[in-house]
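Letter by letter, the chains look like this.
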Amino acid sequence: MSSEIKAVLSVSELKRLHLGPLSLRVGAGECVALTGASGTGKSMLLRAIADLDPNEGEVRLEGKRRETFSGHRWRRQVALLPAEPAWWAERVGEHFVTPPLALLQALGFAAEVLEWQVEHCSTGERQRLALARLLENRPRVVLLDEPTASLDSTNVRRVEELLAEYCANEAAALVWVSHDQEQLRRVATHRYHLADGILQEVAL
């Protein structure tokens, strides 16, 4: 990656179980695609970067070591959107501090969605709502674990456009796991492939 672009996320010699040591750098406004066969550890890598599982190595956010952050503050700034986001309250609106109406609208929702019962939402609706919940905190790094896997083509484009706009406007960094090769060609600025615990940059 170009050294002229300021690094937002820097990962060096990261190890977790059969992964690593791995190194990765994502600059401001960049989207790194992460590919690999199922079971190779892509989700594990995202969780390690987010410090949700024990791991070794050095991870920095805009030059600051992960150890200088509290766990809560780190995960607000280096935020993971898992394939199956967690929900802890009955109503959608209870999961937001200040409902981000513009984000919700960009994702195809009207304000009434805040009154919906989470259990009545489809998997795809929950994926989009979880993305809005995550972006409400304005993270510097967004770790995306197949964020559009359950969406139709219209909503796939909504998510892609929103994330591209967020990445550009906030000079944020994205790490995007996907098996959709066409999608990766649309969204990624760089691509890495994970196999046998080793991460290698490959052509888009």
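Data block above holds the structure.
Cut-offs applied
Each chain carries its own residue numbering, running from 1 in the direction its sequence is written. Local features in this predicted model are restricted to residues whose pLDDT is 70 or higher, and side-chain atom pairs enter the listing and the counts only when it is 80 or higher, whereas totals over whole chains, interfaces and linings include all residues. To get the side-chain values, take all heavy atoms of the structure and skip hydrogens and water. Starting at the N terminus, helices and strands are each numbered in turn, a helix being any DSSP run of H or I of at least four residues and a strand any DSSP run of E of at least two. When accessible area is computed with a 1.4 Å probe and restricted to protein chains, residues below 20% of their type maximum are described as buried, those above 50% as exposed, and intermediate ones as partly exposed. Should any heavy atoms of two residues lie within 4.5 Å, those residues are considered in contact. Centres within 6.5 Å are what make two rings of Phe, Tyr or Trp a pair, Trp counting through its six-membered ring; a difference in plane orientation under 30 degrees is then read as stacked, over 60 as edge-to-face, and the rest as tilted. Two conditions define a charge located above a ring, namely a distance within 6 Å from the ring centre to NZ of Lys or CZ of Arg, and an angle within 35 degrees of the ring normal. DSSP calls a pair of strands paired once it identifies at least 2 bridges connecting them. An axis is simply a line fitted to the C-alpha atoms; with a helix, the fit covers only the stretch in contact. Between two such axes, the angle follows the N-to-C directions and lies from 0 to 180 degrees. A helix is expected to span 1.5 Å for every residue after the first. For the purposes of this section, nonpolar cores are sets of buried Ala, Val, Leu, Ile, Met, Phe, Trp, Tyr and Cys residues that join through side-chain atoms within 4.5 Å.

Our focus in this paragraph is the overall build of the chain. For the chain, the helix and strand inventory stands at six helices and 10 strands. Counting only C-alpha atoms, the chain reaches 45 × 35 × 35 Å along its principal axes. Residues classed as buried in the chain amount to 49% of the 204 residues present. The contacts in the chain between residues at least 6 apart in sequence include a share of 66% that link residues at least 24 apart.

In this section: the packing of aromatic side chains. Any two aromatic rings considered together are summarised by their centre-to-centre distance and by the angle between their planes. Under the definition given, this model contains two aromatic pairs. Ring centres 6.0 Å apart and planes at 85° place the aromatic pair Phe 109 and Trp 116 in the edge-to-face group. Here Arg 133 stacks its cationic end above the ring of Trp 87, 4.4 Å away from the centre of that ring.

The subject of this paragraph is the pairing of strand β9 (residues 190–195). For strand β3 (residues 31–35) and β9, the ladder comprises four bridges, and the chain directions are parallel. The residue of β9 that forms the bridge with Ala 33 is Arg 191. In the sheet, β9 pairs with strand β10 (residues 198–202) via five bridges, with the strands oriented antiparallel. Each bridged residue has a counterpart across the sheet, and for Tyr 192 the counterpart in β10 is Glu 201.

Read from one edge to the other, the open sheet built from six strands follows the order β6-β7-β8-β3-β9-β10, with strand pairing classed as mixed. The sheet is open, and its two borders are formed by β6 (78–81) and β10, each paired with just one other strand. Ignoring strand direction, the axes of neighbouring strands in this sheet form an average angle of 20°. In this sheet, strand β7 (residues 141–145) lies alongside β6 in parallel orientation, the contact comprising four bridges. Note that in β7 the partner of Leu 81 across the bridge is Leu 144. Those strands touched by helix α4 (residues 123–135) are β6 and β7, and its axis lies near 175° from that of β6. Of the strands in this sheet, β7 and β8 (173–177) touch helix α5 (residues 153–170), which is tilted by about 150° from β8.

Overall, antiparallel pairing links the four strands, which are arranged β2-β1-β4-β5 in an open sheet. Two strands in the sheet have a free side with no partner beyond their single neighbour: β2 (19–27) and β5 (64–65). Two strands pair when backbone bridges link them, and strand β1 (residues 7–16) and β2 are joined in this way by six bridges, in the antiparallel orientation. Pairing of Ala 7 across the sheet is with Gly 27, part of β2. Along the sheet face, helix α1 (residues 42–49) touches β1, β2 and β4 (56–61) and points at about 115° away from the line of β1.

Residue pairs spaced three or four apart in an α-helix point in one direction, given the helix's 3.6 residues per turn. Helix length check: α5 (18 residues) gives 26 Å between terminal C-alpha atoms against 26 Å at 1.5 Å per residue, within 8%. Of the residues one or two after α5, Ala 171 is the one with positive phi, at around 50°.

Time to look at the nonpolar core. One recurring pattern in soluble globular proteins is that nonpolar side chains are buried together. The biggest cluster of nonpolar side chains holds 32 residues, and the ones touching the most others in it are Leu 104, Leu 131, Leu 135 and Leu 163. Elements with a contribution of two residues or more to this core: β6, α3 (101–106), α4, β7, α5 and β8. In this structure, Leu 135 is in contact with Leu 103, Val 142, Leu 162, Leu 163 and Tyr 166, ignoring residues within four places of it in sequence. If you look at the next biggest cluster of nonpolar residues, it comprises 30 residues, including Leu 19, Leu 24, Ala 50 and Val 78.

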